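Chains, contacts and geometry: an overview
So the chains spell out like this:
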Amino acid sequence: MPTFVRSGVPNQHRQCCFWVGLLMAVAISWLQASSIEAADRPPNFVLIFADDLGYGDISCYDSSGVKTPHLDALAEEGFRSTDFFVPANVCSPSRAALLTGRYPMRCGMPVARNENVAKYQDYGFAPEELTIPELLHPAGYRSLMVGKWHLGMEVEGSHPLDAGFDEYFGIPSNYEPRRGKNHNTLYRGKAVEQENVPCEVLTKRYTDEVIEFIDRQQDDPFFIYVSHHIVHNPLRPSKDFVGTSEKGKYGDFVKELDHSTGRIMQAIRDAGIDENTLVVFTSDNGPTRNGSAGGLNGGKYCTMEGGHRVPGIFRWPGKIAPNQVSDATLTSMDLLPLFCGLAGVQPPDDRKLDGKNILPILLGKDTQSPHQFLYYYNGTNLQAVREGNWKLHLPRTTDDQPFWSKKPDKTKGFVTLKKPQLFNLDRDVNEKQNVADRHPEIVARLQSQAERIRNELGDVHTTGTDQRKINLVAPQER
């Protein structure tokens, strides 16, 4: 056995010093290796997706919104987008676009499902579509989804596990009796976990599931998709949050959403992976009558800004600088190429992606949106085209509208429109001042672009050249 020879030091003590030194050397070597491994390891992704949460519902977007200290902290510690676009104003298509990085018309899911109506029995998420978890899997990611799926869980090939998730814990759709007998059935994977589960317990159980997953997965890269029911009807916050806001049960529900976010963030910190985890928070569409669009016109079910512009927050300590507020136009479809790029995964090149890699904007290296045009569909009807701050609303009839927008309603924008209307969102984000007569050249340019995208993505009476078949008869009708 090697010994240290030092005058005046007893042999037993010398041996003890040797072992201590050896252990320290091993520990230092392990820490250095771990540091290198952590540096080389791709980041974790946590995507928190609220349901029907409006642009003005949380206090970091509107001071009159519900007080949301955890979400406010998320924004203060990272990047807050003031122009975050979702390509659908209802649940199912927004979720399909999020997971695929493609417009709903392109990925075959442009209208919302109703699990209790016979015409939708074969209408689900197309197995041929590639999703975020599928693309991340070869890079060693394990993926968890909790919450609302709403993409046809009962349809063959359309379950979350079929779409690339390794684990799933949630319910098929909205928590409403009109969504069928399984509207309150909680599933783990494809097996029933619990029937008749109270809505009031779902948020806590989803959050507990996320925290447990973080705890056991912290040594390897992961992707978590938290698909909340908050604040979609019914408004049933857990008892601990009833009466905690000044905005009734709607506000109480938002408080519970904020609390859940805080618990997830604490779990990330406790696991020691804070600086290697990108957290994204957003919503599937604008608010219903209960919520606030923060001064924007319209809300859910319409193509005014209030239906498509939602909160968008990104936090990644050490990578994304804190206290950034940006008006560069970003979209939920950008998340797929963003995550792929950070994970070192090549996005698919056999299909068109509508999302762009927005990392330079998040890092503060660029201020220009990568999106030249945005397209506002209401179901299968192209209703608006946007270029920069110019937004052109296109003519439409009642027959063009999806069933949720056929009746005139001040919250649903233009149900009918005989002539195009043009708005400058930089000066008129409320879309109140039609300036089409002053800018005929812009109207003509955007009309031409609308015709091009109709030919590509389709419309009510047009099948596009790059439009996945919609497995529905008369998609715009109930």
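Residues numbered from 1 in each chain as written. Predicted model: local features only at pLDDT ≥ 70, side-chain atom pairs only at ≥ 80, totals over all residues. Heavy atoms only, no water.

Focus: the overall build of the chain
The helix and strand inventory of the chain stands at 11 helices and 15 strands. For the chain, whose C-alpha radius of gyration is 25 Å, the value lies close to the compact-globule estimate of 23 Å for 478 residues. Dimensions of the chain, computed from C-alpha atoms along their principal axes, come out at roughly 100 × 50 × 50 Å. Across the 478 residues of the chain, 60% fall into the buried class. By sequence separation, contacts in the chain at least 24 residues apart represent 68% of the contacts at least 6 residues apart. Accessible area for the chain stands at about 20,200 Å²; split by element, carbon and sulfur atoms hold 49% of it. (Helix = DSSP H or I, 4+ residues; strand = E, 2+ residues; numbered from the N terminus. Rg over C-alpha atoms; globule rule 2.2 N^0.38 Å. Buried < 20%, exposed > 50% of the residue type's maximum accessible area, 1.4 Å probe, protein only. Contact = heavy atoms within 4.5 Å. Areas by Shrake-Rupley, 256 points an atom, 1.4 Å probe, with all protein chains shown as cover.)

Regarding helix α9 (residues 335-343)
The buried fraction of α9 is high, at 8 of 9 residues. Along α9, the residues classified as buried are Leu335, Leu336, Pro337, Leu338, Phe339, Cys340, Leu342 and Ala343. A positive backbone phi angle near 75° is found at glycine 344, which sits one or two residues after α9.

Section: the packing of aromatic side chains
Counted according to the given criterion, the structure contains 18 aromatic pairs. Residues phenylalanine 85 and tyrosine 376 carry aromatic rings whose centres are separated by 4.9 Å and whose planes lie at 70° to one another, so their mutual orientation is edge-to-face. With phenylalanine 85 in strand β2 (residues 79-85) and tyrosine 376 in strand β12 (residues 373-378), this pair connects stretches of sequence that are 291 residues apart. On the basis of an interplanar angle of 75° and a centroid distance of 6.3 Å, the ring pair of phenylalanine 125 and tryptophan 149 is categorised as edge-to-face. Residue phenylalanine 125 is found in the loop between α4 (104-107) and α5 (132-136), and its partner tryptophan 149 is found in the loop between β3 (142-148) and β4 (167-171); the two are separated by 24 residues along the sequence. The exposure classification of phenylalanine 125 matches that of tryptophan 149, with both residues buried. Linked through ring pairs, Phe45, Phe49, Phe125, Tyr141, Trp149, Phe165, Phe223, Tyr225 and Phe339 together constitute an aromatic cluster. Of note, arginine 80 hangs over the ring of tyrosine 61, and the distance from its end group to the ring centre comes to 4.8 Å. For lysine 391, the ring lying beneath its charged end belongs to tyrosine 376, and the centroid distance is 3.9 Å. (Phe/Tyr/Trp six-rings, centres within 6.5 Å; stacked < 30°, edge-to-face > 60°. Lys NZ or Arg CZ within 6 Å of the ring centre and 35° of its normal.)

Re helix α7 (residues 248-270)
End to end, α7 covers 33 Å across 23 residues, agreeing with the expected 33 Å (1.5 Å per residue, within 8%). Positioned one or two residues after α7, glycine 272 has a phi angle of 75°, which is positive. (Expected span 1.5 Å × (residues − 1).)

Side note on the sheet that holds β12
Strand order in this open sheet of 4 strands is β12-β13-β14-β15, and the pairing throughout is antiparallel. Both outer strands of the open sheet, β12 and β15 (421-424), are each paired with one neighbouring strand and no more. Averaged over all neighbouring strand pairs, the angle between strand axes comes to 20°, with direction disregarded. Contacts from helix α11 (residues 440-457) reach β12, β13 (381-387), β14 (390-393) and β15, with the element oriented near 130° to β13. (Pairing = 2+ DSSP bridges. Axes fitted to C-alpha atoms, helices over the stretch in contact; angles between N-to-C directions.)

Focus: empty space enclosed by the protein
According to the stated counting rule, one finds 4 cavities of 30 Å³ or more in the structure shown. As a volume, the largest cavity reaches approximately 60 Å³. Along its surface, the largest cavity is lined by Pro87, Ala88, Asn89, Val90, Pro93, Tyr103, Pro104, Met105, Pro110, Tyr377, Gly379 and Trp404. By residue class, the composition of the lining of the largest cavity is 10 nonpolar, 2 polar and no charged. (1 Å grid on protein atoms, 1.4 Å probe; cavity = no way out; pocket = protein on both sides within 12 Å on 5 of 7 lines; lining within 4 Å. Points joined across faces, edges and corners; volume = space filled by probe spheres on them. Nonpolar A, V, L, I, M, F, W, Y, C, P; charged D, E, K, R; others polar.)

Some thoughts on the pairing of strand β7 (residues 222-227)
Most of β7 sits inside the fold, with 6 of its 6 residues counted as buried. Every second residue of β7 is oriented toward a common face, with Phe222, Ile224 and Val226 on one face and Phe223, Tyr225 and Ser227 on the other, all of them buried. Across 5 bridges, the pairing between strand β1 (residues 44-50) and β7 is parallel. Following the sheet pairing, phenylalanine 49 is matched in β7 by serine 227. Inspection of the sheet shows β3 paired to β7 by 6 bridges, in the parallel sense. In the strand pairing of β7, glycine 147 is matched with serine 227.

Brief notes about the packing of helix α6 (residues 202-217) against α7
Pairs of packed helices are described in terms of their axes, by the angle between the two and the distance that separates them. Remark: α6 packs on α7, axes separated minimally by 9 Å, with the N-to-C direction vectors making an angle of 10°. As summarised for this structure, α6 and α7 are arranged roughly parallel, according to the angle between their axes. Across the interface between the two elements, Thr203, Lys204, Thr207, Asp208, Val210, Ile211 and Ile214 of α6 pack against Glu256, Ser260, Arg263, Ile264, Ala267 and Ile268 of α7. Residues that form the contact of α6 with α7 fall into these classes: 6 nonpolar, 3 polar and 4 charged. (Parallel < 35°, antiparallel > 145°, perpendicular 65-115°, else oblique.)

Here's the deal with the layout of surface pockets
Volume-wise, the largest pocket comes out at about 750 Å³. In terms of lining, the largest pocket is formed by 34 residues, of which the most central are Thr288, Lys300, Tyr301, Trp404 and Lys412. For the lining of the largest pocket, the class distribution of residues is 10 nonpolar, 11 polar and 13 charged.

Overview of unusual backbone geometry
Omega for the peptide link from isoleucine 230 to valine 231 comes to 5°, which places this bond in the cis form. Positionally, valine 231 belongs in the loop between β7 and α7. Cis geometry marks the peptide bond from asparagine 233 to proline 234; its omega dihedral reads 0°. Mapped onto the fold, proline 234 is located in the loop between β7 and α7.

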